[in-house]
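Residue-level structural notes
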Amino acid sequence: MTGTGLRERIGEDNIFYADNRLFQSTELALARAWSLVRAGPPVSARPAAPGSEPVEALTSLTADDLVSRRFLRFGHQHAMREALWLLSELLKHTDATRPHPLFLQDRDGRFYGKITVDRILRELASAREDTEQSLPAESGPLQARLRSNFTSPIRNVAITGMPTLERDAGLVAVLAFFAENDFAVAPVVDGDGRLAGTIDAAAVLGALTEALDGPSGKEEA
Amino acid sequence: MTESAALPRARDLMSERFLVVLETGTVGDVARAFSRGSPGTRPGVAFATDTQGRLVGMLTPAFLLRAILSVWAPRRFSIRTDLAATEEDLAALVRDRFALPIHDIMLRGMAEVEPDDPLSRLLRLSGEDRADCFPVVDNGTPVGAVYVNDVALAAAQLALRPEDQGIAL
């Protein structure tokens, strides 16, 4: 299917929106998931211009300097099985030491919210009322428990109404976002309300450190 | 994984990508250590220990950033309306916070796991604790880090069958 030229015809960097409009394609979804994950290295903080003062380098940063475009968008109508599968594919190709929430979009491709890994795991591990509540300690029963929640809609555990950043937000707005919200990753949206990238708190911390210590990364005495 | 296979344990999932820092070290030391090296090789967590090497606290980059900004945040509205003040205040604030000892801001009382803890316990903790990572301790000393993402990957390997691949529309 990927040899038919369909991927080129779709022409959108948006797997599920594109698939929704056309047809179901597991192969295409996977291929495009991988292509998004491999879309290039995350954009790190812009290096300070030679001769610029550290404080100047710090305050001239914007959200766009810190944004990464290595993220996946996921339709909010899906179920836990698909979320687990997509997350597992993402984690095979990205740094597992960093938080990777799955950001959600509505059927028009607009930002809807997110599901976090802990919420996915909590929902998958949850017991129905008529079954043993504690988690099985053997692989077979545990597998059955996890699979019993595969059809739960992800919307049930989605975090919605989230604040977002715009691409041209200045550093003050970015810092205020992380100060006000207990998020490890901030969603950045474009003018149409579509997810345009993400900012990892680690990237912001790195930018602060680099700006204060200077572009050479020298530590203060 | 077949139904008869043993569940993975913390020792099977734990990563060596973590920092160990003395609780008396500075916030700036940890911030710099988190930022050192290429993005794909940086640790995602720092475990703070006492002088005996016993685990006493934990820091992730997101937690550290929030802790650094927490003093500044209540003044954000006045700062936002005065950009000149922002530059001065922001740099001064971050420098001040970088000089603080780690034990002033670190996360305490986090869930810990032992090397033999099975996936079922890791799953339960992951769903309860909202943490990105759990320290693996042996006699009180951190010996590894289990990232929640690795718990998710292990859960996927256990639960997903070949026919479960892909997205249904």
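Refer to the structure printed above.
Here goes a summary of the coordinates provided. None of these values were measured; they are calculated from a predicted model.

**Digging into the overall build of chain B**
Scanning chain B from N- to C-terminus turns up seven helices and five strands. The order of helices and strands in chain B, counted from the N terminus, is α-β-α-β-β-α-α-α-α-β-β-α. Long-range pairs, those at least 24 residues apart, make up 68% of the contacts in chain B with a sequence separation of at least 6. Total accessible area on chain B stands at roughly 7600 Å², and carbon and sulfur atoms take up 49% of it.

**Let's talk about the pattern of salt bridges**
Applying the stated rule across the entire model yields 11 salt bridges over all chains. Salt-bridge contacts for Glu-89 of chain A lead to Lys-92 of chain A; the nearest nitrogen and oxygen are separated by 3.1 Å. Placement of both Glu-89 of chain A and Lys-92 of chain A in helix H6 (residues 80-93) is noted, with a separation of three residues, approximately one turn of the helix. Judged by relative accessible area, Glu-89 of chain A falls into the buried class, the value being 4%. Ionic pairing is found between Arg-17 of chain B and Asp-95 of chain A, a salt bridge with its closest N-O pair at 3.0 Å. Note that Arg-17 of chain B is positioned in the loop between helix H1 (10-13) and strand E1 (19-22) and Asp-95 of chain A in the loop between H6 and strand E2 (102-105), a pairing that runs across two chains. Judged by its relative accessible area of 15%, Asp-95 of chain A is buried. A network of salt bridges, in which partner residues are shared, links Asp-64, Arg-69 and Arg-167 of chain A.

**Structural notes on the sheet that holds strand E3 (residues 55-59) of chain B**
Residue and element names in this part refer to chain B. Spatial ordering of the open sheet is given by E1-E2-E3, a layout of three strands whose pairing is mixed. Both outer strands of the open sheet, E1 and E3, are each paired with one neighbouring strand and no more. In this sheet, adjacent strand axes meet at a mean angle of 30° when their direction is disregarded. Set on the sheet, helix H2 (residues 27-35) makes contact with E1, strand E2 (46-49) and E3; between it and E1 the angle comes to about 165°.

**Describing empty space enclosed by the protein**
Evaluated as defined, the whole model comprises one cavity of 30 Å³ or more. Taken as a whole, the largest cavity spans an internal volume of roughly 70 Å³. Of the residues belonging to the lining of the largest cavity, the class tally is seven nonpolar, three polar and three charged.

**Looking at the nonpolar core**
Nonpolar side chains in soluble globular proteins generally cluster together in the buried interior. Residues Phe-178 and Ile-199 of chain A together with Leu-64 of chain B are the most contacted members of the largest nonpolar core, which totals 53 residues. Setting aside anything within four residues of it in sequence, one finds Phe-178 of chain A in contact with Phe-183, Ala-184, Val-185, Ala-186, Ile-199, Asp-200, Ala-201 and Val-204 of chain A together with Leu-65, Arg-66 and Leu-69 of chain B. Core analysis: the next-biggest nonpolar cluster, separate from the first, contains 48 residues, Leu-102 and Leu-104 of chain A together with Leu-13 and Leu-153 of chain B among them.

**As for the interface of chain A and chain B**
On the side of chain B, 62 residues touch chain A, which itself brings 66 residues to the contact. Around 5800 Å² of area is buried between chain A and chain B when both sides are counted, 65% of it from carbon and sulfur atoms. Across the contact surface, chain A and chain B share two salt bridges. Two residues, Asp-164 of chain B and Arg-147 of chain A, come together in a salt bridge whose shortest N-O distance is 2.6 Å.

Reading the values: rules and limits
Residues numbered from 1 in each chain as written. Chains lettered and ligands numbered in written order. Predicted model: local features only at pLDDT ≥ 70, side-chain atom pairs only at ≥ 80, totals over all residues. Heavy atoms only, no water. Helix = DSSP H or I, 4+ residues; strand = E, 2+ residues; numbered from the N terminus. Contact = heavy atoms within 4.5 Å. Areas by Shrake-Rupley, 256 points an atom, 1.4 Å probe, with all protein chains shown as cover. Salt bridge = Lys/Arg side-chain N within 4 Å of Asp/Glu carboxyl O. Buried < 20%, exposed > 50% of the residue type's maximum accessible area, 1.4 Å probe, protein only. Pairing = 2+ DSSP bridges. Axes fitted to C-alpha atoms, helices over the stretch in contact; angles between N-to-C directions. 1 Å grid on protein atoms, 1.4 Å probe; cavity = no way out; pocket = protein on both sides within 12 Å on 5 of 7 lines; lining within 4 Å. Points joined across faces, edges and corners; volume = space filled by probe spheres on them. Nonpolar A, V, L, I, M, F, W, Y, C, P; charged D, E, K, R; others polar. Core = buried A, V, L, I, M, F, W, Y, C linked by side-chain atoms within 4.5 Å. Buried area = accessible area lost by both parts, 1.4 Å probe.

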